[in-house]
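Structure assessment
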Amino acid sequence: MHMQRDNEGIRLPKLLGLAVAGATLLAGMVVLPATQASAATDYGYNAEDDFRPGALQTDVHPQLTVTKYLSLAQGYSPTGSSKDMEKLNANADLVPAKGIAFNVREVIPQPGQNLSDISASDQNTYKVTANYIGITDGQGVINTWYPADTTSNAPTVDISDSSKAVSFPGGANHWYVLVENRDESPAFKANNPNKLDSNKYQDAAPSFFGLPYAANSLDATDTASQVQGYIYHLHLYPKNMNITQFSKTVQSVKDSQNNVKPQRTAVAGDTISYKLTQKLYNTGKKPKDGKLDVSELNGDGKDLRIVDRMSSSLKLKGEFKVVLHADGVDDVELAEGATADYTESQPTSNPNSFGDNKMFANEAPSSNVSYYQFDFFNTLTKVKNFAPKAFLLVITYDATVTGDGDSTGTDGVANDAASDFTENVDADGNHQDPIREHTNVINAVIAFGAVQNEKTKFAALPDTEFRLIKSEAQPDEYLASDGNFYAEGKVPAGVQLYKATANKNGLVAFAALPVFGSAAPTKDAGKTVQAGDWLLKETKTPQDWRNPGIPFHTVTFGDAGKTEEQVAQEYGPHATIQPDYAKLGFGKFGRTPKQITDGGGTAIQFNNVPVQTYLAHYATSDADAPLALPLTGGRGILLLLVVGAMIMGGALYARNRRNNAARA
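Every value quoted in this text rests on a predicted model; they were computed, and no experiment measured them.

**Some remarks on the overall build of the chain**
Secondary structure summary: the chain contains seven helices and 38 strands in total. Within the span of the chain, comprising 664 residues, buried residues form 45% of the whole. Pairs at least 24 residues apart make up 72% of the contacts formed inside the chain by residues separated by at least 6 positions. Put simply, the chain shows about 33100 Å² of open surface, and 51% of that area lies on carbon and sulfur atoms.

Put into structure tokens, the structure is as follows:
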């Protein structure tokens, strides 16, 4: 109608022809960019790579996504595509590295030099003209960058404010050096309870590249068929050169229906698959190099000791599998037994290493832990016949997540491992401490202190047991792994009741609580964090101490509504989701951390951080205890009886005198 008004003298056929031409032109304008934007998949890339064939498009701002994983695996030749992740996914040892800072420095050659003279690892070969910084999130990803100082590499803006983020300039001749920045990495800060061990970590090698990134198509089978173009969204997966000889990793977490979870979140009833990896070599004897070579094995069962320690929140499921592994060759399975390849045992306490110390530096504050010890090698036939120059001894197993509280005091669903071997020495031949590893998964916990009273300076009250209930009207129905509440003896098959028992330090820690679900039972489970809104009840109290007798309000998780992926992004792969302790009111039984320390007590820690609240107890002899029963028997009633007898005796004496006077 608009065209008809503006062109009233034009005949209808001509008008229709123009309309068709205009529509065709409009369609071309709309369709062409869409086709170009999705062309990446036509050349072997993923759509998010934004690969565009042909000449550089100067009006497009390039993007850079850096993803950092911790792994013992060898590196792969990168393509700059998100497809590189497919290679990495084949290796389940990957753990996202949260809190690692990277700088992207825009650079130019030093005066009188060319681009070809730039070396990413040598700062003297380039000048920095602009600088950007980003920090990996809980998935190990950086896709938002902020301005940084060109000299110190520190951010010049508040990087928690997304409005301060910047984009990379478009056009040609923009060259960058990517470097790790340990000084600005939260992962190494002393106040980070999940900090990385600097002694076992080596920064990724710096890299030099252009943005946009010139590349060939990935779908061609020969050079002549390749198409040249540019990647406008570059994906990089920098790898650190892992220098440790031993590691422990979580391979997967499966729910009670044996389905692998997309995020490593755990509740009671789940199954966690673990992997212990020890490096060995076949390159000839080199004393004091810290590496265990086949030529250095004695075959007396004292070449290598590996110990695994499970908290009360884990229970072995099935059997251990032990193999020799190297890429490109078949695994060789090892057998257990005194006359076989290795010996397996179950110590009841922290075992000794080959040196003068224990396998684990920290003693478990509870006897409710499980130790599994492996001593290699009893016979050497298989290991000597394993040809690769470098290979791995791998121990894999499954463990069921239980409803018992964490007895180790770290991370909720915690698992520790340690390795010691004959070549675990320094350059002078001094035996080193065992190589220790710690692993956990994302799980919901409750942690607080159970202590005695002021008279004891708030000493720990071990063996105090707690459960979670739904309401005061149902005081004897306890929270179970399926999210429902049951009385003892009425729990369905395959379901576990949660409980937490104070360890010898007084720490009470529920672990692997069922917060990942849905408020509506008709919706898919495992999607978001639920508030919980449970009550805490003390179900067992040590002798001579008074059970409070009342449920405490309220266990409420402030992360309610967040998806499992959001939790992993925000807190990382080792997160312990905890409730709002300000809402868990212990009333007259409650004590603050300051009251504990001011009263001469010792701060109780969970996950290497002091707990936020304490439940103090009253002795059965304390007369001022809330809800205390009155004293019965004893000296108090004896005094009453004596006074009563005196009163009655006086009355009888007075009556007798009156009677005698009347008779006289």
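**Here we look at the nonpolar core**
Residues I446, L468, F510, L513, W534, L536 and F557 are the most contacted members of the largest nonpolar core, which totals 48 residues. Looking at this core element by element, the count peaks at seven residues for strand β24 (residues 443-451). Here L536 is in contact with F448, F466, R467, L468, F510, I550, P551, F552, L584 and F586, once residues within four sequence places are set aside. Of all hydrophobic cores here, the second largest spans 40 residues; its members include F320, L393, A399 and A512.

**Thoughts on helix α5 (residues 564-571)**
Within α5 the residues assigned to the buried category are E564, V567 and A568. Mapping the buried residues of α5 onto a view down its axis gives an arc of 100°, with all of them on the same face. For α5, the secondary structure elements touched by its buried residues are β30 (516-517), β31 (528-529) and β34 (576-577).

**Considerations on unusual backbone geometry**
The residue after F376, namely F377, is reached through a cis peptide bond having omega -10°. In this structure, F377 sits in the loop between β20 (370-376) and α4 (381-384). A cis amide bond, omega -15°, links H553 with the succeeding residue T554. Looking at the secondary structure, you find T554 in strand β33 (residues 552-556).

**Overview of the pattern of salt bridges**
Scanning the entire structure with this criterion turns up 19 salt bridges. As a salt-bridge pair, R591 and E454 come within 3.0 Å of each other at their nearest N and O atoms. Taken together, the residues R591 in strand β35 (residues 590-591) and E454 in the loop between β24 and β25 (465-469) connect sequence positions 137 residues apart. For D598, the salt bridge is made with K594, and the minimal N-O distance between the two is 2.5 Å. Taken as a pair, D598 and K594 lie in helix α6 (residues 593-598) at a separation of four residues, close to a single helical turn. What makes K594 exposed here is its relative accessible area of 57%.

Here is what the cut-offs are and how they apply
Residues numbered from 1 in each chain as written. Predicted model: local features only at pLDDT ≥ 70, side-chain atom pairs only at ≥ 80, totals over all residues. Heavy atoms only, no water. Helix = DSSP H or I, 4+ residues; strand = E, 2+ residues; numbered from the N terminus. Buried < 20%, exposed > 50% of the residue type's maximum accessible area, 1.4 Å probe, protein only. Contact = heavy atoms within 4.5 Å. Areas by Shrake-Rupley, 256 points an atom, 1.4 Å probe, with all protein chains shown as cover. Core = buried A, V, L, I, M, F, W, Y, C linked by side-chain atoms within 4.5 Å. Arc of directions from axis to C-beta. Salt bridge = Lys/Arg side-chain N within 4 Å of Asp/Glu carboxyl O.

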